[in-house]
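Structure at a glance
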Amino acid sequence: MITVNIGGNLVYGIHAHVNAVQRIFLWSEMEMISDLNLPWIAIGDFNAITTAEEKVGGRPANIRNMLECNTCLDKCELQQAPKSGCEFTWSNCQHGNKRILCNLERAVFNNLWLQKHEGWGYKVGMRIASDHAPLLGGCASCPKPKNVPQKFQKIWIDHPNFMEVVTNLLVFSNVNEKIKEAAKEVQNSMKILDANPHNKELLDNLVKEKNILNSKEVQLSTMMKLKARTKWSKKDQSKIAETFINYFEEKFKFKEVEISESLLKAIPTSITEHDQAMLDAIPTSEEIKQVIFEIDPESSPGPDGFSGSF
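Described below are features of the structure shown in this document. Nothing here was measured: the structure is a model prediction, and the numbers come from that model.

Time to look at the overall build of the protein chain. Within the protein chain, the regular secondary structure consists of 10 helices and 11 strands. Going through the 310 residues of the protein chain one by one, you find that 31% of them count as buried. For the protein chain, the exposed surface amounts to about 20,500 Å²; the carbon and sulfur share of it is 56%.

In this section: the nonpolar core. Note on soluble globular proteins: their nonpolar side chains tend to be buried together. The biggest cluster of nonpolar side chains holds 21 residues, and the ones touching the most others in it are Trp-120 and Leu-213. Contributing elements (two or more residues each) for this core: strand 9 (105-109), strand 10 (121-124), helix 5 (175-195) and helix 6 (200-227). Sequence-distant contacts of Trp-120, that is, excluding residues within four places in its chain, are made with Ile-41, Ile-43, Ala-81, Pro-82, Ala-107, Phe-109, Trp-113, Gly-137, Gly-138 and Cys-139. One finds Leu-10, Ala-16, Phe-46 and Leu-73 within the second-largest nonpolar core, a separate group that totals 18 residues.

Turning to the environment of Arg-127, a few remarks are in order. With respect to the element layout, Arg-127 can be found in the loop between strand 10 and strand 11 (135-138). For Arg-127, a relative accessible area of 5% translates into the label buried. Taking the C-alpha atoms as reference, Arg-127 lies 8.0 Å from Ser-91; in sequence the two are 36 residues apart. Non-local contacts of Arg-127, meaning those with residues more than four positions away in its chain, are made with Phe-88, Thr-89, Trp-90, Ser-91, Arg-99, Leu-101, His-132, Ala-133, Met-190, Asp-194 and Lys-210. For Arg-127, the side chain forms a polar contact with the main-chain oxygen of Phe-88, separated by 2.7 Å.

Let's shift gears to the sheet that holds strand 4 (residues 55-56). The sheet built from three strands is open, its strands ordered 4-8-7 with antiparallel pairing. Looking along the sheet, the strands with just one partner apiece sit at the ends: strand 4 and strand 7 (90-91). Here two bridges tie strand 7 to strand 8 (residues 101-102), and the two strands are oriented antiparallel to one another. Each bridged residue has a counterpart across the sheet, and for Ser-91 the counterpart in strand 8 is Leu-101.

A few words on a nonpolar patch on the surface. A cluster of nonpolar residues, Val-257, Ile-259, Leu-264 and Ile-267, forms a patch on the protein surface that exposes about 390 Å² of accessible area. Mapped onto the secondary structure, Leu-264 falls in helix 8 (residues 261-265). Judged by its relative accessible area of 41%, Leu-264 falls in the partly exposed class.

Let us look at the state of the cysteines. Counting across every chain of the model gives zero disulfides. Of all cysteine sulfurs in the structure, the one in Cys-72 sits closest to Cys-76, which takes part in no disulfide; the separation is 4.1 Å.

A few words on the sheet that holds strand 5 (residues 79-80). Across the sheet, which stays open at both edges, the five strands sit in the order 1-2-3-9-5 with mixed pairing between neighbours. At either end of the open sheet lies a strand with only one pairing partner, and these are strand 1 (2-6) and strand 5. As paired elements, strand 5 and strand 9 share two bridges and run antiparallel to each other. Following the sheet pairing, Gln-79 is matched in strand 9 by Phe-109. The sheet strands contacting helix 1 (residues 23-34) are strand 1, strand 2 (9-15) and strand 3 (40-45), and the helix crosses strand 2 at an angle near 180°.

On to unusual backbone geometry. The backbone of Asn-47 sits at a positive phi, close to 50°, despite the residue not being glycine. Note that Asn-47 resides in the loop between strand 3 and strand 4. A residue is classified by how much of its surface remains accessible, and Asn-47, at 18% relative accessible area, is buried. If you check the backbone angles, Glu-77 has positive phi at about 55° while not being a glycine.

A few words now on the pattern of salt bridges. Using the criterion set out here, one finds five salt bridges in the structure. With a shortest N-O distance of 4.0 Å, Lys-75 and Glu-31 are connected by a salt bridge. Of the two residues, Lys-75 sits in helix 2 (residues 63-75) while Glu-31 sits in helix 1, which places them 44 residues apart along the sequence. Its relative accessible area of 55% is what places Lys-75 among the exposed residues. The class for Glu-31 is partly exposed, based on a relative accessible area of 28%. Close ionic contact of Glu-68 with Arg-64 constitutes a salt bridge, the shortest N to O distance being 3.5 Å. One end of the pair is Glu-68 and the other is Arg-64, both in helix 2 and four residues apart, which spans about a single turn. With a relative accessible area of 60%, Arg-64 lands in the exposed category.

In this section: the pairing of strand 3. The side chains of a regular strand alternate between the sheet's two faces. For strand 3, the tally of buried residues reaches five of six residues, placing the bulk of the element in the interior. In the sheet, strand 2 pairs with strand 3 via six bridges, with the strands oriented parallel. Looking at strand 3, one finds that Val-11 is bridged to Ile-41. With respect to chirality, the unit in which strand 2 leads through helix 1 into the neighbouring parallel strand 3 is right-handed. Of the pairings in the sheet, the one linking strand 3 to strand 9 comprises five bridges and is antiparallel in character. If you follow Ala-42 over to strand 9, its bridge partner there is Val-108.

How each quantity is defined
- Residues numbered from 1 in each chain as written.
- Predicted model: local features only at pLDDT ≥ 70, side-chain atom pairs only at ≥ 80, totals over all residues.
- Heavy atoms only, no water.
- Helix = DSSP H or I, 4+ residues; strand = E, 2+ residues; numbered from the N terminus.
- Buried < 20%, exposed > 50% of the residue type's maximum accessible area, 1.4 Å probe, protein only.
- Areas by Shrake-Rupley, 256 points an atom, 1.4 Å probe, with all protein chains shown as cover.
- Core = buried A, V, L, I, M, F, W, Y, C linked by side-chain atoms within 4.5 Å.
- Contact = heavy atoms within 4.5 Å.
- Polar contact = N/O pair within 3.5 Å; in protein donor to acceptor, adjacent residues only side chain to side chain.
- Pairing = 2+ DSSP bridges.
- Patch = residues over 30% accessible without salt bridge, like charges linked within 9 Å, V, L, I, M, F, W, Y side chains within 5 Å.
- Salt bridge = Lys/Arg side-chain N within 4 Å of Asp/Glu carboxyl O.
- Disulfide = S-S within 2.5 Å.
- Axes fitted to C-alpha atoms, helices over the stretch in contact; angles between N-to-C directions.
- Right-handed = clockwise from strand over helix to strand, strands pointing away.

Following this line, the structure appears as structure tokens:
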């Protein structure tokens with residue numbers, strides 16, 4: 001157990017012992033902390049459930065263990081924090097009749113904490129790297145700003161549909177959004193499986209969704225390497241350059257305009273006619289291509305969000 005005092009708020013981290021006798025010391029320590037009469041929250045693995053509904057599969061819930069946990073929470077005047085996400089926080093990672101699900105992790109707080117941090121709650125994450133689910137708590141929502149600029153990422157070049165996307169001038173999907181979508185699918189599959197723990201088809205579907213999520217996270221990792229200025233192997237960019245040139249040629253092609261000669265006569269002459277003709281000349285496709293291909297592919301993106309690799 002770890003207790004941290006942050007600005008007069010007590011945060012009590014718990015990893016209770018699996019042995020019921022050893023957990024008696026935890027309940028006693030929690031009662032002593034409650035006597036401090038400070039805003040506090042206890043969060044972590046209690047290794048105990050509070051109701052029989054918090055366990056599915058295996059042996060029947062131990063009534064004595066539930067009673068000891070609930071008695072401690074009542075003496076400390078602690079209440080269950082609002083919870084979202086997955087229903088169960090622990091699984092024995094088995095399937096069929098051997099599968100067991102429990103709600104061992106939780107967050108509880110007293111009234112002083114609730115008065116100071118109104119709206120605090122936590123979300124039960126997905127059980128991927130461990131048989132225990134992570135808990136993410138907070139009381140503030142920080143939405144992503146809508147004016148975040150679009151940046152070209154070199155990872156897009158490796159996508160099999162990259163040329164089709166560029167040709168049709170579509171926006172490449174954000175990797176983080178894809179991860180959020182895949183994580184939501186995993187969470188939904190996990191909720192359905194938790195409600196039907198003995199269904200093998202639902203378990204197979206959960207494994208499939210987790211594999212999709214892992215592949216998206218690998219893409220994100222690759223993109224983060226680029227942001228860390230990690231050098232990538234060079235690819236043939238002839239087709240990309242051709243699409244790039246065609247797009248900007250169309251965008252910046254010469255258009256006839258009406259010019260008043262009287263206004264031009266008022267401008268003092270500072271360059272020769274030969275220099276003026278050279279400046280007015282439209283660059284050829286080869287000249288544009290040469291300049292574009294001289295850009296360092298590892299250079300930082302410009303204001304338009306495109307790096308030299310594009």
